[in-house]
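Spelled out, the chains give:
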Amino acid sequence: MRIHQRVLFVMGTTLLGLGHTPLYADQSVYIDQVAGDSLTLTVNQNSGDGNSIGDPTAQGADQYFVIDGDQQTITVDQIGNSNTLTGSIISTDTFEFDLSQTGSTNTFAIEQENGSNGSIVADFVGSNNDVIIDAGLVTSSEYMNLDLDVTGDYNTFDWTIDADGVLNNVTVAGDYNDFEIDQNGYGSSIDYHEVIMNMVGDNNVVDIIQETTLNASHIDLDLSGSNQVITITQSD
């Protein structure tokens, strides 16, 4: 079953948008909202390992988690190991995504296409996690805010944001983390591309690429630790 505006698909004891229900291992939620506005979606998977929202590992219609429409508010809380959250947000004017993942070997992979005024606020606690964010996929987006708080080691972060006006605010406490950050699209003195990173730890790798049309790129790094490898490429 696909869900359309607060109608829900349930496997196990997952509850969407109506409060909190504890989960056991290997619970799955598959969502496909087709052209609906003002969705408020809340998913809590707070017990066990191997839980998923979307994908694993796809088949029919690539196993959903597709949100299409304006004014979307999505809140996800996953606690455990080897959990996954995979999906896409399409053609939306204003969306807010608030994510908390606690545990190790988890995956967060999100795509956002042809939208504006997007915000992703994510808190990751654990190690060996993979985070992939692609905003402006296929069609460029406008005004994107990405706020990440990371505590843990050996995590991998890879995000590409093609948007007119981008702010990335990243706080890191841990070792051997790898960040690949690519910002591109139109940028001006008002709607510029900016990376602000505060990082404490050793042996972290950060690779930042900024490309704007009006030479409006800002990077502010505050680093504490040994054996960091930082690479920055800016162009217009």
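Refer to the structure presented above.
About the criteria used
- Residues numbered from 1 in each chain as written.
- Predicted model: local features only at pLDDT ≥ 70, side-chain atom pairs only at ≥ 80, totals over all residues.
- Heavy atoms only, no water.
- Helix = DSSP H or I, 4+ residues; strand = E, 2+ residues; numbered from the N terminus.
- Buried < 20%, exposed > 50% of the residue type's maximum accessible area, 1.4 Å probe, protein only.
- Polar contact = N/O pair within 3.5 Å; in protein donor to acceptor, adjacent residues only side chain to side chain.
- Core = buried A, V, L, I, M, F, W, Y, C linked by side-chain atoms within 4.5 Å.
- Contact = heavy atoms within 4.5 Å.
- Phe/Tyr/Trp six-rings, centres within 6.5 Å; stacked < 30°, edge-to-face > 60°.
- Patch = residues over 30% accessible without salt bridge, like charges linked within 9 Å, V, L, I, M, F, W, Y side chains within 5 Å.
- Areas by Shrake-Rupley, 256 points an atom, 1.4 Å probe, with all protein chains shown as cover.
- Salt bridge = Lys/Arg side-chain N within 4 Å of Asp/Glu carboxyl O.
- Lys, Arg positive; Asp, Glu negative; His and termini not counted.
- Charge placed at Lys NZ, Arg CZ, Asp CG, Glu CD.
- Pairing = 2+ DSSP bridges.

Here we look at the side chain of Gln 45
By the element assignment, Gln 45 lies in strand E3 (residues 40-45). The buried category is assigned to Gln 45, whose relative accessible area is 0%. A distance of 3.3 Å separates a polar side-chain atom of Gln 45 from the backbone oxygen of Ser 52. Here the side chain of Gln 45 touches Gln 78 through a polar contact of 2.8 Å, side chain to side chain.

Focus on the nonpolar core
With 41 residues, the main nonpolar core has Phe 97, Phe 108, Phe 124, Trp 159 and Phe 179 as its most contacted residues. Counting residues per element, this core draws most heavily on strand E13 (residues 156-173), which supplies seven residues. Other than its neighbours up to four places away in sequence, Phe 97 contacts Phe 65, Ile 74, Val 76, Leu 85, Ile 89, Phe 108, Ile 110, Ser 119, Ile 120 and Val 121.

Some words on unusual backbone geometry
Its identity is not glycine, yet Gln 71 carries a phi of approximately 50°, on the positive side. Its place among the elements puts Gln 71 in the loop between strand E5 (66-68) and strand E6 (72-79). A relative accessible area of 38% places Gln 71 in the partly exposed class. Unusually for a residue other than glycine, Thr 105 sits at a positive phi of about 55°. For Thr 105, the location among the structural elements is in the loop between strand E8 (93-102) and strand E9 (107-113). For Thr 105, a relative accessible area of 40% corresponds to the partly exposed category.

What to know about the environment of Ser 104
As for its position among the elements, Ser 104 is in the loop between E8 and E9. On the basis of relative accessible area, Ser 104 is assigned to the partly exposed category, the value being 25%. Setting aside residues no more than four positions away along its own chain, Ser 104 makes contact with Gly 80, Asn 81, Ser 82, Gly 126, Ser 127 and Asn 129.

Details of the side chain of Gln 183
Mapped onto the elements, Gln 183 comes out in strand E14 (residues 178-185). Within the structure, the side chain of Gln 183 is placed 3.0 Å from the side chain of Asn 168, a separation counted as a polar contact. Reaching out from Gln 183, the side chain makes a polar contact with the backbone oxygen of Glu 194 at a distance of 3.0 Å. When sequence neighbours within four positions are dropped, the list of residues in contact with Gln 183 reads Ile 161, Val 166, Asn 168, His 193, Glu 194, Val 195, Ile 209, Gln 210 and Glu 211.

Thoughts on the packing of aromatic side chains
A full pass over the atoms with the stated rule returns six aromatic pairs. Here Phe 108 and Phe 124 contribute two aromatic rings whose centre-to-centre distance is 6.3 Å and whose plane-to-plane angle is 45°, an arrangement assigned as tilted. Taken together, the residues span a long stretch of sequence, with Phe 108 in strand E9 and Phe 124 in strand E10 (residues 116-125) at a distance of 16 residues. Ring geometry for Tyr 154 versus Tyr 176: centroids 4.9 Å apart, planes at 0°, classification stacked. Taken together, the positions of Tyr 154 in the loop between strand E12 (141-151) and E13 and Tyr 176 in the loop between E13 and E14 put the pair 22 residues apart, joining distant regions of the chain. The class of Tyr 176 is partly exposed, set by a relative accessible area of 41%.

Points about a negative patch on the surface
A contiguous patch of negative charge on the surface is contributed by Glu 96, Asp 98, Asp 123 and Asp 149. Tracing the sequence through the fold places Asp 98 in strand E8. Take Asp 98: its relative accessible area is 41%, and that puts it in the partly exposed class.

Remarks on the pairing of strand E15 (residues 193-200)
One ladder, built from eight bridges, connects E13 with E15; its direction is parallel. Pairing of Leu 167 across the sheet is with Glu 194, part of E15. Relative to strand E17 (residues 217-224), E15 runs parallel, the two being bridged by eight bridges. Following the sheet pairing, His 193 is matched in E17 by Ser 217.

Description of the environment of Thr 212
Take Thr 212: it is sitting in strand E16 (residues 205-212). For Thr 212, a relative accessible area of 3% corresponds to the buried category. With 28 residues separating them along the chain, Thr 212 and Asn 184 place their C-alpha atoms 5.7 Å apart.

In short, geometric facts, not functional conclusions.
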